[in-house]
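# Chains, contacts and geometry: an overview
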Amino acid sequence: SDYTKLFVRYNAQRELQRFPVALWWREGNNVPYPTEILGKNRSDSISASLTHVFSPTLTNEFVFGYTYITFPNVFDDPKKVDRTALGAPFKGIYKNGVAQIPALLSWGGEFAQIWNPSGFQVGGDKGLFADKFLPSVSNNLSKVFSTHTMKFGFFYEYVINNQPASGWANGYAVFSNWGGNTSGNPYSDLLLGRVSDYGEHNKDPLHNEAYHAIEFFAQDSWKVTRRLTLELGLRASYLGNWFDREGIGFAVWDASTYRPDARPEEYSGLLWHKRDSKIPLSGLPNRALNWAPRFGMAWDLFGTGKTVVRGGWGAFYFHNAQFTTGLDAPAGVMFMGRGSTTFADLEAIVPGTSAIGTNAVDKDDDKVPLTYSWSFTVSQRIPWASLVEVSYVGNESKNILNGGCPGVDTNINSVPYGALFDYDGDPNALGNLDAFRPYNYQNLCLVKHNLFQNYHALQASWLRQMGKYLIQANYTYGKSLGITGSDYLNPANDYGPLLTDRRHVFNIAYSVELPNPVKTNPLAKGVVNGWQLSGITQVQSGVNLTGNTGNDFNINPNDFRMANGYAVTQRTINGTDAVPLQPLVTCNPGSGVSGQQFVNGNCFALPTVQGQNGPIVPAEVFGPAFFNADLSLFKNFSFTETRKLQFRFSAYNFLNHPLWSFRNGSNNLNLIFSGTTGKLENPNFGITTEKMGHRIIQLALKFYF
């Protein structure tokens, strides 16, 4: 009827895809996998909305949606990757019966690697699969009352993701000509049974998890006066944590239950729902409600409509991205890694007698990711039918989920700073560091909401959208800061400019109708008149070179030896693997540069004394500025009301202005120190020696009918 509208839509898709290997990624540096992966993908979705107008001032809309997606991935020919069928004698550490061949990986690119995680053995006919369900329902009620336009509503969703882990139940072996226990040739190492590094899971569990989310909101757009409008809102959110649908639960760490004499497979110190019913299936505690107020305003300062002040502030809670950290230990998953070993030694390991790596969630962490966003803008109409706006824009995000393992302050079993200083020998020769860890585990990582970042910017724009000249220009002076370093023991050392930080950004886009000089001759008018010129010009300050080179400018000590004869590494300088080796900074690396030099290499030195490391996030240095200008000239020739011919001439980078660049693979941003003197031996460090970019011209003819 005129007052009630129902809309229903259903969509289904089916497809068969052939993949090299894996489910969610494709490893580029791979030789072809012996068999293809068949992906028999399917999706179904249905949505329905019911809108009813009760009166001219009262409307209600109800929406329902449901989506199902499945991604089954199976081997096209399983025998081609069956270690028994191929005659591979190595059974692995856990002898878990996984038939799939181990992954053969490379450090340094000399070895042609075969990247192939496991998990295909879990899903039966579906192989390595992923099933996703998303039912949702929402309702919005709108009411106009006097000078108020009010809205009330709720939203509910139930998200399910069910898939096997794709770990290394088949095992992975890493080969290199420098990683230890090598003959100097990785292919010879494979024949000799030597590996630089090896890791294996005993099994792949089923990661069957879900969460509930329900939100309520109330919003009022209040026209207080003819010149002032206020936007007031409040959102209440219950954002349930991901929980285990298998009824086992996520693991949490409880140090009070840890026993040093416990066997590794007991997972001492870890609790989960099936072991202790007081622990929720999510491991993490749930908050009842999160309250998010919002405020906005628009004020016509003088009542003329020419000067308007706008601004606002709001809090926005958002749900954690899917994670599986903490599901493996309750399912009995164990992982064991060894460096510089042999296949024979690996098969001789008796599982259950050596430390294992695992992870969990922080049982006391009930935080929810939160962003505060604010802005203040002054808009001013100026002559030539244009508008100028100047704004301060900022935001701050905190309680961001940190599921990295190891990550910033997540590995509670990291080797403490300086612990290796007491080792009577070369710490670089240690195959593993388990004896120096606080607990009888390898890595023991906890999911935490301990990441944060912020952004502040001055933004200015000029806009004209009238007549023959359409112009839009904007400029931003901003800064992005957050957790960017790799000191896994102290998050305070990791705060600094983010990789995406650019100080200045300017853009201008324009479209100009050119004059029509011919007034009488019809043929000349058709050729000369009616042309338009448009273009885009971009100018940006350079990228953050410090952050985009790992905050250490890819430091390479080249096996330089300290006074005690040990090679300079993070182990010998910091006494742990949890704090990276960083160059010493002796001056501002952005100063004293000229020409095409952007980083002063004389400001860096190689650490050579125990305990004297460089800063985790050195001073930010920017690279070459970015400049680009595109230009187009076009004209429409109209034949009838619906038929026209368009000629377009476009020139991208029309000034043919190549840019100085540090291209990928260049050594010019790598701190390479001499292995004998410890001095910087890269003469082109910090200097751009290459240009990239050229003019591209395009001619196009289009006929519209």
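Presented here is a report on the structure given in the accompanying data block. Not measured: the values here are computed from a predicted model.

## Some words on the pattern of salt bridges
Under the criterion given, the structure shown has 19 salt bridges. Two residues, Asp44 and Arg42, come together in a salt bridge whose shortest N-O distance is 2.8 Å. Notably, a salt bridge pairs Asp434 with Arg437, separated by 3.4 Å at the nearest N-O pair. Side by side, Asp434 and Arg437 carry an identical accessibility label, which is buried. If you follow the salt bridges from partner to partner, you end up with Arg259, Asp261, Arg263, Glu265 and Glu266 in one network.

## Considering the packing of aromatic side chains
Throughout the structure, instances matching the rule amount to 31 aromatic pairs. Relative to Tyr441, the ring of Trp253 has its centre 6.4 Å away and its plane inclined at 80 degrees; by these criteria the two rings are edge-to-face. In this pair, Trp253 sits in strand E13 (residues 252–253) while Tyr441 sits in the loop between strand E20 (386–402) and strand E21 (444–466), placing the two residues 188 residues apart along the sequence. In this structure Trp253 comes out as buried when scored by relative accessible area, which is 10%. Overall, the relative accessible area of 2% leaves Tyr441 in the buried class. Geometry around Phe634 places Arg648 over its ring, the cationic atom sitting 4.4 Å from the centre.

## Section: the pairing of strand E10 (residues 206–223)
Strand direction decides the pairing type here: strand E7 (residues 148–164) and E10, joined by 17 bridges, are antiparallel. Pairing of Tyr156 across the sheet is with Ile214, part of E10. Pairing between E10 and strand E12 (residues 243–244): 2 bridges, direction antiparallel. Each bridged residue has a counterpart across the sheet, and for Glu209 the counterpart in E12 is Asp244. As judged from the 11 bridges shared by E10 and strand E11 (residues 228–239), these two strands associate in the antiparallel manner. Note that in E11 the partner of Gln219 across the bridge is Gly233.

## Looking at a nonpolar patch on the surface
A surface patch of nonpolar side chains, about 660 Å² in accessible area, is lined by Leu6, Val8, Tyr10, Ile46, Leu50, Phe62 and Phe64. Secondary structure elements with two or more residues in the nonpolar patch: strand E1 (4–19), strand E2 (37–55) and strand E3 (58–70). For the nonpolar patch, the leading source of residues is E1, giving 3 residues. Looking at the secondary structure, you find Phe62 in strand E3. Given a relative accessible area of 33%, Phe62 falls into the partly exposed group.

## Some thoughts on unusual backbone geometry
A cis amide bond links Cys405 to the next residue, Pro406, at an omega of -5 degrees. As for its placement among the helices and strands, Pro406 is situated in the loop between E20 and E21. In this structure, Lys95 takes a positive phi of about 50 degrees despite not being glycine. Within the secondary structure layout, Lys95 lies in the loop between strand E4 (73–75) and strand E5 (103–106). Classification of Lys95 by relative accessible area gives partly exposed; the value is 42%.

## Points about the nonpolar core
Counting residues in each nonpolar core, the largest one holds 27 residues, and the members touching the most others are Tyr267, Leu270, Leu346 and Tyr441. Only strand E8 (172–175), strand E9 (194–201), helix H2 (343–348) and E21 provide two or more residues apiece to this core. Discounting chain neighbours no more than four positions away, the residues touching Leu346 are Phe90, Ile93, Val195, Tyr198, Arg338 and Thr341. One finds Leu239, Val252, Ile279 and Leu284 within the second-largest nonpolar core, a separate group that totals 20 residues.

## Topic: the environment of Asp220
Within the secondary structure, Asp220 sits in strand E10. Each C-alpha atom, one on Asp220 and one on Gly590, is 51 Å from the other, the two residues being 370 residues apart in sequence. When near neighbours in sequence (up to four residues on either side) are disregarded, Asp220 contacts His148, Thr149, Met150, Leu230, Glu231 and Leu232. Looking at Asp220, its side chain comes within polar contact range of the side chain of His148, at 2.7 Å.

The rules behind these values
The residue count restarts for each chain, going from 1 along the sequence in the order it is written. This being a predicted model, a pLDDT of at least 70 is required before a residue's local features are given, and a value of 80 or more before pairs of side-chain atoms are given or counted; all residues contribute to the totals for chains, interfaces and linings. Only hydrogens and water are removed before side-chain values are computed, so all heavy atoms of the structure are retained for them. Criterion for a salt bridge: a side-chain nitrogen of Lys or Arg within 4 Å of a carboxyl oxygen of Asp or Glu. Three labels apply to residues, based on accessible area from a 1.4 Å probe with only protein chains included: buried if under 20% of the type maximum, exposed if over 50%, partly exposed otherwise in between. Any two rings among Phe, Tyr and Trp, with Trp reduced to its six-membered ring, count as a pair given centres within 6.5 Å; such a pair is stacked if its planes are under 30 degrees apart, edge-to-face if over 60, and tilted if neither. Secondary structure elements follow DSSP: runs of H or I of four or more residues count as helices, runs of E of two or more count as strands, with numbering from the N terminus. Note on criteria: charge over ring means Lys NZ or Arg CZ within 6 Å of the ring centre, with the direction from the centre no more than 35 degrees off the ring normal. Two strands pair under a simple rule: DSSP has to find at least two bridges between them. Surface patches are drawn from residues lacking salt bridges whose relative accessible area is over 30%; two like charges belong together within 9 Å, two nonpolar side chains (Val, Leu, Ile, Met, Phe, Trp, Tyr) within 5 Å. The Shrake-Rupley method, run with a 1.4 Å probe sphere, supplies the accessible areas, and residue values consider only the shown protein chains as cover. Definition of nonpolar core: a set of buried residues of the types Ala, Val, Leu, Ile, Met, Phe, Trp, Tyr and Cys, connected through side-chain atoms within 4.5 Å. Any pair of residues with heavy atoms lying within 4.5 Å of one another is described as a contacting pair. In protein, a polar contact means a hydrogen-donor-capable atom and an acceptor-capable atom, both N or O and within 3.5 Å, with residues adjacent in sequence counting only if both atoms are side-chain atoms; elsewhere, any N or O pair within 3.5 Å suffices.

By themselves these figures say nothing about function.
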